[in-house]
Amino acid sequence: MTLGGVFVVHSGYTSPELTFKEEPQPISCEGFHVRFYRDMLAMVFAIEEINHNPDLLPNITLGFWIFDSCLSQIKAIGGILELLSMSQRPIPGYMCNVRAMPTGVVGEIMSSISVPLARILGLFHFPQISYGSVLSTLSDKLQFPSFLRTVPSSSFQNIALARIIGHFGWTWTGMIISDDEVGLQGGHDTKRIIEANGGCVAFMEKVHISYSREKLVHVVQVAQRYGVNVIIVHSPDVHLKGIIETFAAQNVTDKVFVFSATFKITLGLFNEESWKIFNGSLGLAPHNTKMENFEAFLTHRHPSRDPNDIFIRQFWEKVFGCKWPGPKDTDIMTTMENGAHSIFCSDNVTLEKKDLRFFELYDLSYTYHSYLAVYALAHSLNALMTCKQGQGPFMKGACGDINNIQPWQVLHYVKKVNISLLNGDRIYFDANGDAPRAYDILNVQIFNADDIKLLTVGSFDPQQRDYVYVNTKAIVWAQDSRVPVSVCNANCPPGYRKAAKEGKPICCFECVACSVGEITNPYTDDCSKCPDDQWPNLKYDQCIQKKTEFLSFEEPLGVILPTCGAFLFFLTACVLFLFIRYRETPIVKANNRGLSYLLLVALMCCFLCSFIFIGRPGKLTCMLRQTVFGIIFSISISSVLSKTIIVVIAFKAINPNSSARKWLGSKMPSCIVLFCSMIQVLICVVWLLESPPFPELNMTSYNEKIIFECNEGDTFFFYCMLGYMGLLATVSFLVAFLSRNLPGSFNEAKLITFSMLVFVSVWISFIPAYLSTRGKYMVAVEVFAILCSSAGLLGCIFVPKCYIILIRPERNTRKLLVRKECF
């Protein structure tokens, strides 16, 4: 029982020249690579392990047929046809040998070669397990019914590449893809995912092993022109050799490469200068687990012990730098005497542990998956062999015949494989024939020519919601210890948002300042409005709670205004006391002393009103502020108006026959005050019933603070209250002004005129000041107007009288009050 294998061992081939010979000339393979040879040895190693395992395929020895594709579709197709027909002159569809054909095929690593092989093998439902082909199209079971693989499809690695780019914040990247189906499909899928996540791919350039130097130089120039610092590579290493060497020749060493899983880190393919370009780069590789005794197996390889290994002599020449002698070299060998150094290889030399470095054991990802492919086929054969008749998977419970195995029977069991190996790893295939395995994220670390490491710094597991883990601290970057930056524009500073530039990709933008009350949102690179009760901090990167403001007793204005109010209250109380003390004097008795007492008490209440406006607004204080102030001021102005009217009536009633004499008396002033005040009381009562003032947090007047204020409710009533108070003051002013020239040595009308002039001036100035301020300053303006207007009434009406009472008592006589020159 045998297995077939198709491996890339040589990286190139030479087509034979056209001849007229009947026998076809073989294709010449060139460029032996130990890295690919190691993948083939993994298949041999797995078969030897299986043959020594009594529990797997007991009493059956596995053999193998291995073909070198030489990175050529033609060569690979020829090898498969030879395997199917079992003849060196293959005839498609015919088996020309009595020997049983292999039961399955391991390989190929290249997707471009696996596609034609899968089409041919699919016709016969012949199982093929690739250990490196990632092209997602191969998951289509209608086109490739017998194709399976031990690695995930490229759709997963495309997601992984985009996640890595996003993890490091690289939004401006370039892409180099191979000029084939794998590169084009992978490149476009990766670009689509990156752009869906907000990134941009500045350019996508193709490369191929056959490209001229001029084309490769053009790719390097494009990478330089766009200014990207990160380049995604979607290409096998053989196609990338030329472009990497061109980067090195152009001394472009400041780029970070991110390689897809199709790129294999192969030392033998690149020169020392090219490896400097790789330093600090990242790459994907299928996750692998240690293969016990594999290193010992490699050390044991020897031409004399492995005569059927057609590649071991080439490997020997590569490792020891020698040449196997041919027939023409006999004379040269006989001339070598007395220990002179021989240029020819010898069977007496063996591999030592230090020679294992030629196998490049730092990356066994695809080698391990070749090993898994063999075990998957072996376990499917074991399941077929241990099948019991009547319990089999085929028609009527039939089992396959171990002596006449059909490919479709093996394919059935291969699809059902779900095993755990001795190393603890598990292998199984999904409905598309893919192995849903994780990717390792590798970091190329080059310290010197002899110290090159591929360190696993992260992983991507498609079974865990496409989660990418990256240990950034373990990564060694080429330039410095910081993560490289690859953006079209630097990030906008806090307080600014990104605005797209016309005709440019979304990653190229300009910064525009956020609107008032907005901060920069780090998740959307746009501006976000703060809640009404919050405001941006000085860095514009977060919203902070607004400061609540009101006129309190702890601040200067909250101390000065109540202090002034208290002082004026005390002063008014002293005036009242003085008037009561000298109530029988002529100057107090003149012009109705009862009205004077009422006016003084009202003024005292006006000064006390200032205390209601200061402090944290409450429901009760908001209702009392304007209404109490309006009613008390109405009483004060009504008293002044009553005094003015009494003065006018008094002078009109000098004539004994005047009809005005009947209006003189104590009832008239009281009726005026009561009537005028009740109108204001009525306005305030309706106001409180219909739309009472209430405390409110005003978040719109100031951007950076909240004003704790009293909302006046329906402002119509507020302005009605002020308007009525202004009407009373205006009427009082006009009456006093018209009677200012009435005869008499002490003209009360003149004093009232001055007081009303002060009162009206204060409140006319108050209106624009009140409307142009907000918050605590609005309250302060109103309190100031209350104190000033009340002080104006006190000073203009009562100070002259107090002056006579206290300073000039000799003039406080009835006789002097009727003289013109009283003062």
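This text goes with the structure placed above it.
1. Description of the overall build of the protein chain
Part 1 of the argument: Helices and strands together make up the secondary structure of the protein chain, namely 22 helices and 26 strands.
Part 2 of the argument: Taking as baseline every contact in the protein chain between residues at least 6 positions apart, the subset at least 24 positions apart corresponds to 66%.
Part 3 of the argument: Carbon and sulfur atoms make up 57% of the accessible area of the protein chain, which amounts to about 39,700 Å² in all.

2. Some thoughts on the sheet that holds strand 26 (residues 705–711)
Part 1 of the argument: What the 3 strands build is an open sheet, ordered 24-26-25; its pairing is mixed. Looking along the sheet, the strands with just one partner apiece sit at the ends: strand 24 (547–549) and strand 25 (694–698). Strand-to-strand twist across the sheet, computed as the mean angle between neighbouring axes with direction ignored, equals 25 degrees.

3. Details of helix 12 (residues 365–385)
Part 1 of the argument: Its 21 residues give helix 12 an end-to-end C-alpha distance of 31 Å, which sits within 8% of 30 Å, the value for a rise of 1.5 Å per residue.
Part 2 of the argument: Most of helix 12 is tucked away, with 18 of its 21 residues classed as buried.

4. Remarks on the state of the cysteines
Part 1 of the argument: Across all of its chains, the model carries 9 disulfides by this definition.
Part 2 of the argument: Shown here is the disulfide that connects Cys-29 with Cys-70, its sulfur atoms set 1.5 Å apart. Sign of the S-S torsion, about 95 degrees for the bond between Cys-29 and Cys-70, identifies this disulfide as right-handed. Of this pair, Cys-29 sits in strand 3 (residues 28–32) while Cys-70 sits in the loop between strand 4 (63–68) and helix 2 (73–85), and the two are 41 residues apart along the sequence.
Part 3 of the argument: What makes Cys-70 buried here is its relative accessible area of 0%.
Part 4 of the argument: The partner cysteine of Cys-492 in its disulfide is Cys-511, sulfur to sulfur 2.1 Å. The chirality of the disulfide connecting Cys-492 with Cys-511 is left-handed, given an S-S dihedral of about -95 degrees. Of this pair, Cys-492 sits in the loop between strand 17 (467–470) and strand 18 (496–500) while Cys-511 sits in strand 19 (residues 509–513), and the two are 19 residues apart along the sequence.
Part 5 of the argument: The exposure class of Cys-492 is buried, given its relative accessible area of 14%.

5. A look at the packing of aromatic side chains
Part 1 of the argument: Per the counting criterion, the structure on display carries 33 aromatic pairs.
Part 2 of the argument: With centroids separated by 4.7 Å and ring planes inclined at 20 degrees, the aromatic side chains of Phe-168 and Trp-170 adopt a geometry described as stacked. Of the two residues examined, Phe-168 and Trp-170, each falls in the buried class.
Part 3 of the argument: Its guanidinium or amino end placed over the ring of Trp-324, Arg-313 lies 4.1 Å from that ring's centre, counting from NZ or CZ.

6. Observations concerning unusual backbone geometry
Part 1 of the argument: Of note, the bond from Gly-107 into Glu-108 is cis; its omega dihedral lies within 30 degrees of zero at 5 degrees.
Part 2 of the argument: One can find Glu-108 in the loop between strand 5 (105–106) and helix 3 (111–123).
Part 3 of the argument: The phi dihedral of Cys-70 is positive, around 55 degrees, even though this residue is not glycine.
Part 4 of the argument: Despite not being glycine, Glu-360 has its phi angle at roughly 50 degrees, a positive value.
Part 5 of the argument: Looking at where Glu-360 falls in the secondary structure, it is placed in the loop between helix 11 (330–334) and helix 12.

7. Thoughts on the pairing of strand 12 (residues 282–286)
Within a regular strand, the side chains alternate between the two sheet faces.
Part 1 of the argument: With 5 of 5 residues buried, strand 12 is to be regarded as a mostly interior element.
Part 2 of the argument: Residues Leu-282, Leu-284 and Pro-286 point to one face of strand 12 and Gly-283 and Ala-285 to the other, with burial holding for every one of them.
Part 3 of the argument: Pairing geometry for strand 11 (residues 256–259) and strand 12, over 2 bridges, is parallel. Along strand 12, the bridge assignment pairs Phe-259 with Gly-283.

Conventions used here
Residues numbered from 1 in each chain as written. Predicted model: local features only at pLDDT ≥ 70, side-chain atom pairs only at ≥ 80, totals over all residues. Heavy atoms only, no water. Helix = DSSP H or I, 4+ residues; strand = E, 2+ residues; numbered from the N terminus. Contact = heavy atoms within 4.5 Å. Areas by Shrake-Rupley, 256 points an atom, 1.4 Å probe, with all protein chains shown as cover. Pairing = 2+ DSSP bridges. Axes fitted to C-alpha atoms, helices over the stretch in contact; angles between N-to-C directions. Expected span 1.5 Å × (residues − 1). Buried < 20%, exposed > 50% of the residue type's maximum accessible area, 1.4 Å probe, protein only. Disulfide = S-S within 2.5 Å. Phe/Tyr/Trp six-rings, centres within 6.5 Å; stacked < 30°, edge-to-face > 60°. Lys NZ or Arg CZ within 6 Å of the ring centre and 35° of its normal.

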